[in-house]
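# Inside the fold
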Amino acid sequence: DTWRYAFEEAMEEVQGKYAQKFKEEVEANSDHEVQLFPFGTLGESADTMEQAQAGILQFVDQSPGFTGALIPEAQVFFVPYLLPQDQDTLFEFFRNSVAINEMFPELYAEQGLELLTMFPEGEVCMTTQEPVHSPEDLNEVKFRVMTNPLLVESYEAFGAVPTPLPWGEVYGALQTGIIQGQENPGFFLESTKMYEVTDVITCIGHNNFTTAVMANKQFYDGLPEEDQQVIQNATDAAFEYILEYQQGLQEESLDKIREAKPEMEINILSEEERQPFMDTASQVEEEFIGMAGDSGQEILDQMKQDLEDARQATSG
Amino acid sequence: MAATLFSIMIVLLLLGFPMMIPLLVGAAVGFVTMFGGFGQMETMIQQMIAGIRPASLIAVPMFIFAADIMTRGQSAGRLIDMVMAFVGHVRGGLAVSTAAACTMFGAVSGSTQATVVAVGSPLRPRMLKAGYKDSFVLALIINSADIAFLIPPSIGMIIYGVVSGTSIAELFIAGIGPGLLILVLFSIYSIIYARRHDVPTEPKSSWAERGRAVQGALWPLGFPAIIIGGIYGGIFSPTEAAAACVLYALILEVIVFRSLSLKGVYETAKSTGLITAVVFILVAAGAAFSWVISFAQIPQAILSGIGISEMGPIAVLFVISIAFFIGCMFVDPIVVILILVPIFAPVVQSTGLDPVLVGTIITLQVAIGSATPPFGCDIFTAIAVFKRPYIEVIRGTPPFIVILLGVAVALIYFPQIALFLRDLAFAG
Amino acid sequence: MTRPPDPAHDETQTTTTDTTDTLDDTSALPGVLGTIDLMVARIEAVLLAAGVLLMAANTVANVVGRYVFGSSIFFSEELNRILIILITFAGISYAARHGRHIRMSAIYDTLPPRGRKVMMILIASVTALCMFGLAWYAFGFIRTSAGQGRLLPSLQIPVWWTLIWAPLGFTLTGIQYALTAYKNIVEDDIYLSTNVLEGYGTDEEREV
Ligand code: NA
Ligand code: NA
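Residues numbered from 1 in each chain as written. Chains lettered and ligands numbered in written order. Predicted model: local features only at pLDDT ≥ 70, side-chain atom pairs only at ≥ 80, totals over all residues. Heavy atoms only, no water.

Rules: UniProt positions are given in the numbering used here, feature names are shortened, and annotations may be inferred rather than shown by experiment.
The name given to chain B in an unreviewed UniProt entry is TRAP transporter large permease protein, with the source organism recorded as Palleronia abyssalis. For the record of chain B, the UniProt heading Sequence similarities (unreviewed entry) holds the text "Belongs to the TRAP transporter large permease family." Turning to chain B, the UniProt annotation filed under Subcellular location (unreviewed entry) states: "Cell inner membrane".

The structure is reproduced here in structure tokens:
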């Protein structure tokens, strides 16, 4: 059969790399063909999600942050400093997290979706016009965030003026000065040329952009066992592939940026400098609980537990 | 399937159905064929709504509204009187001014549709009065508006830059050369046209008259200040500048000039809503149709058959130009860029073509496509706003299309038209 | 009346965008139905005007908020999206009433009156059917959307609330085209829409 798979990024960005690997694995181990639909070719993220729920698409990649409109608990990924800042711990966390591997699949199933995997795409860093070493430096900075209450809350807590702006207008708005900052994972800063219109990149370790791949549940449940196995194997292979691909990707992206624009200032804040930013996390957690209720609290607690487990597993 | 779809659409179009019907029926036939029945029609509705959702589209009704207020009131007239005081005695001067105004407004606002309305509504009546034929005027407005795509900021270039991984800053600079070249060629054509049709000139104004005209236009000169200063100055996004123009227009016409009553404001808002709906339902239907083309992977099927991987750079550029030109005749330009750029990416890389040049050529084709029949957003906008029949709106188009295609070919053989400024700015 | 390309008309034409016209509403229906129809037209008109004015106010307020009060209106973009859907779908039936939908009538215009009448009945009927079909699927889309419980990220209201104009607008547009077909069948003149006699594109026409 022909299986259709839509994702939110371009072919050569992280989600595209994952999808290409998934396609390669499926096609090598079965007679099925996988057609890939990158960002925008079948509509926005919310559209492809609905199409997957309707069964038009068999697979869809949607980041939990966008799924928040459907599954409020998924917004937990916008709570700052929840995910490990260290890469080994992070990968360990994604491999073994109870929240991700047991709790979220149930929530997705309620929406007719089989959650196949979640994986990180890279640390989210800010690009601004002036150096940022503390929340004070963000004071009065008009900062573009996605239209999401938790991100708005986060950047308000950081002291910035969160300014929602459609993605298509961000480049121009940075160039003319309507906004002075925005955030995205490293590879995305490079591929979308954000560095051309800002002067400073600051990484404070507050988040790692997470995404999720799912299948239409009815389609998946209706498959013979060997096909389900093909999908599971392809998912696992692509997951390991993308973690490996991530090793050093952030550094590589930053290097490419340095090469394209040598005068770019790139600051990785120290533990000490990060502390004031970390102190604001509880405020956003409260906002999250307000939106996602008891079930959100459960997920949040489990994630913290998983984080602790991952930390111990990697340090010992 | 592609052939069936396009045939159905063309027949319905020619029979005189409302333009939304060919697009909707085309999309519906696609859905029914692909999914073996009407089971997935809800996705068609989803995509129609998705088509009118982009935030940048808000600029269109806002500029329509502002332009309508200005035209019903005195602002537009005073601005044009000022321009006429300076160029009225030059044969073709008004046409050249119109082309330049379209270029400047389009460049800044980034919206070709908004340009058609904002510049076209006030200037078209004056051009007709000055003796230009309507077919020429409409074609001039529509085609000059499309230069907006090439001059920064350009949403088409941003999308191309992101999808292909090309520097957006370089693309922006590369677009300026071809954009200005087109403006110059349009101006030359306008002057030739004015001479050949013996468009009458006005007596040359004295400097005193010019001074009075400028004085009369002082308040309305706030509009270009808001648009150009506001956007380049980093105060507004284009959409916000449009809304600010609405506010300013209301203040001028209702309070300062007292030329518009509150009832008039209501009527203007209603008429703006009507025009917006007429154009946006076509945008919506077009989005549903684009989805079908994308989902059925029709471009991939067509392009895999012609063997571009064996072609040389010049041939590849011609294939790219033709593919984008044809695509934009039927499908929304942004969707065309999203679908086609990744398909061409490997061959662009293997032939060693400069991605900035490719991006400029694509942007130019996208510009040409949205002013080209049968389906073109700017044509629809012009019909809705000026209430002229389809045929009349496109009748004067051919000379402009010839100029645009000429520039497209020139760009392939003389890439320096685009790359000269880029190399100058990014040297070393 | 047929209107072949006419350069003379072109040259002499000076009144152009009849921007001063007020869109007066009339109803094709008799009695109570006519009153209801007229009321619907009024509501459509008010929604159109209010939608446009609100959109301007919302966008300006966002700028003022950003510069004067140092904080953006976080739901501004969502509100504009809701308004644009409202304007489009309230507008398509209003446009159908006034015969303002864009069409290419070149071949149609060359037909004799009787042929044009038959064509117009066909066009209006088919268009009405398409609109009713779309209304049905739009209704289905809303039900699906309501079942999923999707919320707007900032306003936190159900997405389907913002879509109710779609099936409504399609239905009202369908009714307008159905009435146009009916009017062409029972009356001698050729009607472009319930409110407009044939003659789109010339200045002497407009509302009856
Ligand atoms: Na532009
Ligand atoms: Na076109």
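Still more to cover.
### Side note on the side chain of A:Lys142
We apply this condition: Runs of H or I in DSSP of at least four residues are treated as helices and runs of E of at least two as strands, each being numbered from the N terminus. Only protein chains enter the calculation, and the probe is 1.4 Å; a residue is then buried if its accessible area is under 20% of its type maximum, exposed if over 50%, and partly exposed in between. Here the positive residues are Lys and Arg and the negative ones are Asp and Glu; neither His nor the chain ends is included. Salt bridges are identified by distance alone: a Lys or Arg side-chain nitrogen within 4 Å of an Asp or Glu carboxyl oxygen.
Along the polypeptide, A:Lys142 turns up in strand E5 (residues 142-145). Look at A:Lys142: it is buried, it has no salt bridge, and the nearest opposite charge is A:Glu140 at 6.6 Å.

### Focus on unusual backbone geometry
All names here are of chain B. The residue after proline 373, namely proline 374, is reached through a cis peptide bond having omega 0°. Within the fold, proline 374 resides in the loop between helix H18 (355-370) and helix H19 (377-386). Phi is positive for aspartate 198, close to 50°, though the residue is something other than glycine. Among the secondary structure elements, aspartate 198 is positioned in the loop between helix H10 (168-196) and helix H11 (207-216).

### Focus: the pattern of salt bridges
Here the structure, examined in full by the defined rule, presents 32 salt bridges over all chains. The closest approach of N and O atoms between C:Glu44 and C:Arg97, which form a salt bridge, is 3.0 Å. Here C:Glu44 is found in helix H2 (residues 31-68), whereas its partner C:Arg97 is found in helix H3 (residues 76-97), with 53 residues between them in sequence. A relative accessible area of 1% means that C:Arg97 is categorised as buried. Members of the salt-bridge network, linked through shared partners, are A:Glu44, A:Asp47, B:Arg53, C:Glu77 and C:Arg81.

### Examining a nonpolar patch on the surface
All names here are of chain B. We apply this condition: Patch membership is restricted to residues that have no salt bridge and whose relative accessible area is over 30%. Joining uses 9 Å for like charges and 5 Å for the nonpolar side chains Val, Leu, Ile, Met, Phe, Trp and Tyr. Residue-level accessible areas treat just the shown protein chains as cover; the underlying method is Shrake-Rupley with a 1.4 Å probe.
A surface patch of nonpolar side chains, amounting to about 450 Å² of accessible area, comprises Trp219, Leu247, Ile251, Ile255 and Val256. Tracing the chain through its elements places tryptophan 219 in the loop between H11 and helix H12 (222-232). By relative accessible area, which is 47% here, tryptophan 219 ends up partly exposed.

### What to know about the interface of chain A and chain C
Applicable threshold: Any two residues whose heavy atoms approach within 4.5 Å are treated as being in contact. Once two parts are joined, some of their accessible surface, as seen by a 1.4 Å probe, is lost; buried area is that loss totalled over both. Pairs of N or O atoms within 3.5 Å make up the polar contacts considered here, provided that, within protein, one atom can donate a hydrogen while the other can accept it, and that residues adjacent in sequence are counted only when both atoms are side-chain atoms. All residues other than Ala, Val, Leu, Ile, Met, Phe, Trp, Tyr, Cys, Pro, Asp, Glu, Lys and Arg, Gly among them, are scored as polar; the first ten of these are nonpolar and the last four charged.
The interface is formed by 19 residues belonging to chain A together with 17 residues belonging to chain C. If you sort the residues of chain A by the area they bury against chain C, A:Glu50, A:Ala69 and A:Thr147 come out on top, with a joint share of 32%. At the boundary of chain A with chain C, the tally comes to two salt bridges. A salt bridge links A:Glu44 to C:Arg81, with the nearest nitrogen and oxygen atoms 3.6 Å apart. Between chain A and chain C we count four residue pairs in polar contact (both at pLDDT 80 or more) in total. At the level of elements, helix H2 (45-54) and strand E6 (161-164) of chain A are the ones that each hand at least two residues to the side of chain A that touches chain C. A breakdown of the residues in the side of chain A that touches chain C according to their chemical character gives 12 nonpolar, four polar and three charged.

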